[in-house]
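Architecture at a glance
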Amino acid sequence: GWMMDQYTTPGSYVASAYGLNGLSYGIAGGGQNPWVLCDYIERNIGVSGANTDGWQYGYDEVAEAPYLWNEQYGMFLTYENARSLQAKLDYINSQNLGGVIIWEMSGDNTDTYPMTTQIHNSIAGKRIVGYFTNWAVYNDYHQKQDPLDLPWDIMTHINYSFMQIENNRIETMDAWADTTGETDYGAPQMFAKVAQMKQLYPDTKVLLSVGGWTRGDTFYNMVSNPSNRATFIASVVSYLKQYPQFDGIDFDWEYPGLNARAADHDDCNDRGCPAGSSEDYVNYAALIREMRQAFDADATLTARGSTVITACIPAAPAKQDVQPCVDIATYCDFINVMTYDFHGAFDPVGPVYDANGNETGEYWPIGYNAPLNAHPDTPDEWCTVNAVNNLLAKGIPSTKINIGTPFYSRGWAGIGTDAAGNPVGIQDPTPLSTPDIIPDPDPDPDPDPDPIDAYIFRVGETNAYWATYDYAFTVDVPCQYVGGATYVPFRVIAQAAGAKSVTYDQSAATVTLVNNSDMTFVLNIGSRNCTVISGGQTFESTINSAPEFIDGAVCLPVRDVANVTFASVEYVSQDGIGYVIVSASPLSADDMATAIASYEAKF
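Residues numbered from 1 in each chain as written. Predicted model: local features only at pLDDT ≥ 70, side-chain atom pairs only at ≥ 80, totals over all residues. Heavy atoms only, no water.

1. Some words on helix α8 (residues 226–242)
Stated precisely, the cut-off is as follows: For the purposes of this entry, the term helix denotes a DSSP run of H or I that reaches at least four residues, the term strand denotes a run of E that reaches at least two, and both are numbered from the N terminus. To estimate how far a helix should extend, the number of its residues minus one is multiplied by 1.5 Å. For every residue, the accessible area (1.4 Å probe, protein chains only) is compared with the maximum for its type, and the residue is labelled buried under 20%, exposed over 50%, or partly exposed between those bounds. Polar contact criterion, stated in full: a pair of N or O atoms within 3.5 Å, where within protein one must be able to donate a hydrogen and the other to accept it, and residues adjacent in sequence count only if both atoms are side-chain atoms.
With 17 residues, α8 should reach 24 Å at 1.5 Å per residue; the first-to-last C-alpha distance of 24 Å fits that figure. Regarding α8, the residues found buried are N228, R229, F232, I233, S235, V236, V237, Y239 and L240. Among the residues of α8, the N-terminal cap falls to N225, whose side-chain oxygen and the backbone nitrogen of S227 are separated by 3.0 Å.

Printed below as a string of structure tokens:
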């Protein structure tokens, strides 16, 4: 992987002081390099002092795939950018597909989530499924992430990955980080954080994703007979009852029927896969069918609403043809097609030799990680469109199909050039140049020295607007007048103030908020008492008015919000209409006027 340091804007990253070109080992190994690295190179080619000397940009307009190329160091990166992502999103809309899956969320710029936001803005009403990896909490070289950091407001589904199968039962791969570790010793307690966020975003479904590339080894035995399957299914049902913040299960078996794959000696977590058989396909379909039957028969789960089952399937048509894709799709709510990793440094590169060891004059093609279309000269024709067409031909409804987008790059080192100076293997490339000018869904991290960072609500309306991201959304409870005071839903206040969590204890009649400075506020709804815990010290204060229950939501009067959360809350009357503006710090009159105008333009 890449050694990462922050550059000028927090949360956006480039390679460390060794320099981009000095880190060829990470590329040569074929690892998943962060998307933000390629994004930085693409945006800063030719910029003085940006450490991008020698890098050039190209875009294959047939495949809809960008690439970065450094001739001096023989390095080549294939990745997703705004242009190629938009081509996929337009394809999803044109083919009426179900949505998109993201592998994986920490690859985006986790300050602004530009790629995820672009998806949200382009496929309204469709699924946005993101993989959250529980090892992201340990990331030092990449963007560290835990469930509180995810863009819950624009995700429809989050796949919590990965769980594993042990003794035919579902288990966490990292109990210390997920459930059992003590927070006093630095344990992130990520299951608890998921529960916190589910209180704020109950409509975002969170699934336990089982398997992954390194944990395919125990699937074979588990599905092999009805008794083992029943044991596993019962354990999943029990797990979902124990942790009701999770809404179902996502299967990621890579892959049924696969020939034996030894564990990767460079990855201590990889346990490899034993040899599979054709019976895997029948047994896998039986597992998903029986899981659906068990979910539907359990009164506790059905009382909570629909329990979700999904599955990842391969993108290569040849692999799809030997899997029970139709049966899987029948019993799953939807399927996630892994339309990435088509090519990478695991492919052969360089000259092609004949049986006598002589060069043939041909070169192995350098393919793209996640092309939308196949290039006519690509011999295997692996691409997103071919993967989807093969599934549609089997009769799988288009709306059940999600296609993948990689928030990472793949690449090669030791690549040569042809007579024209282009990377060997690239077919008909666009002339290498500075990046195309592609409109971003969001501005650059620092486009304006004084950006408007605020939520705007019209009193009496559930419509809301987040000025920072030009993002419209709705709230459960409208801002409204109660007893002469304007009240705002507490969870909205917490979000605007950058709070880490907000929880409501009905039996104790208290609301607890923890902000990003690790200050804890405990509000007693009846007494109006506010206890502040900071740096091991406790302070007591009383807010002016008790929180109110409005349509089942805990709300606070506007005048008390700043005292509780250190947020700025303003009530503005304009043209006879009341607006509430919630922000982390006070806004100027001009900024408030601009924010209100943006709200009205949106609605």
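2. Observations concerning the packing of aromatic side chains
Rule in force here: In summary, the pairing rule links any two rings of Phe, Tyr or Trp, Trp by its six-membered ring, whose centres are within 6.5 Å, and it sorts them by plane angle into stacked for under 30 degrees, edge-to-face for over 60 and tilted for everything else.
Applying the stated criterion to the full structure yields 23 aromatic pairs. A centroid spacing of 5.8 Å and a plane angle of 75° characterise the contact between Y160 and F246, whose relative ring orientation is edge-to-face. Highlighted residues: Y160 in strand β9 (residues 157–166) and F246 in the loop between α8 and β12 (248–253), separated in sequence by 86 residues. Considered together, Y160 and F246 belong to a single accessibility category, that of buried residues. Where Y579 meets Y599, the ring centres are 6.1 Å apart and the plane angle is 80°; that geometry is what we call edge-to-face.

3. Re the pairing of strand β4 (residues 55–60)
Cut-off, in case you're wondering: What makes two strands pair is DSSP finding at least two bridges between them.
Buried residues dominate β4, accounting for five of its six residues. As consecutive antiparallel partners, β4 and strand β5 (residues 65–70) are separated by four residues, and within that stretch E64 has a phi angle of approximately 60°, a positive value.

4. What about the nonpolar core?
Heads up, the rule is: Take the buried residues of types Ala, Val, Leu, Ile, Met, Phe, Trp, Tyr and Cys, join any two whose side-chain atoms come within 4.5 Å, and each joined set is a nonpolar core. Should any heavy atoms of two residues lie within 4.5 Å, those residues are counted as being in contact.
Grouped together as the largest cluster of nonpolar side chains are 80 residues, with contacts concentrated most on F232, I249 and F251. Element by element, the count of residues in this core is highest for α8, at six residues. Apart from the residues within four sequence positions on either side, F232 is in contact with I165, N168, R169, I170, M222, I249, F251, L287 and M291. Of all hydrophobic cores here, the second largest spans 14 residues; its members include W103, V129, Y131 and C312.

5. A short note on the side chain of S209
Along the chain, the position of S209 falls in strand β11 (residues 205–212). Residues in contact with S209, not counting those within four places in the same chain, are Y131, N159, Y160, S161, F162, M163, D250 and D252.

6. Describing the environment of S568
With respect to the element layout, S568 can be found in strand β31 (residues 568–574). Under the relative-accessibility criterion, S568 is labelled buried at 8%. For the pair formed by S568 and S585, sequence separation is 17 residues and the distance between their alpha carbons is 5.2 Å. When neighbours within four sequence positions are excluded, S568 is seen to be in contact with I581, V582, S583, A584, S585 and P586.

7. Focus: unusual backbone geometry
At the junction of S161 and F162, the peptide bond is cis and its omega measures out at 0° in the coordinates. The topology assignment puts F162 in strand β9. With omega at 0°, the peptide bond leading from E254 into Y255 counts as cis. Position of Y255 relative to the elements: it lies in the loop between β12 and α9 (279–297). In this model, N96 sits at a positive phi of 55°, which is unusual for a non-glycine residue. Note on placement: N96 falls in the loop between α3 (82–94) and β7 (99–103). Non-glycine residue D575 carries a positive phi angle of around 55°. The residue D575 is located in the loop between β31 and β32 (577–583) in this model.

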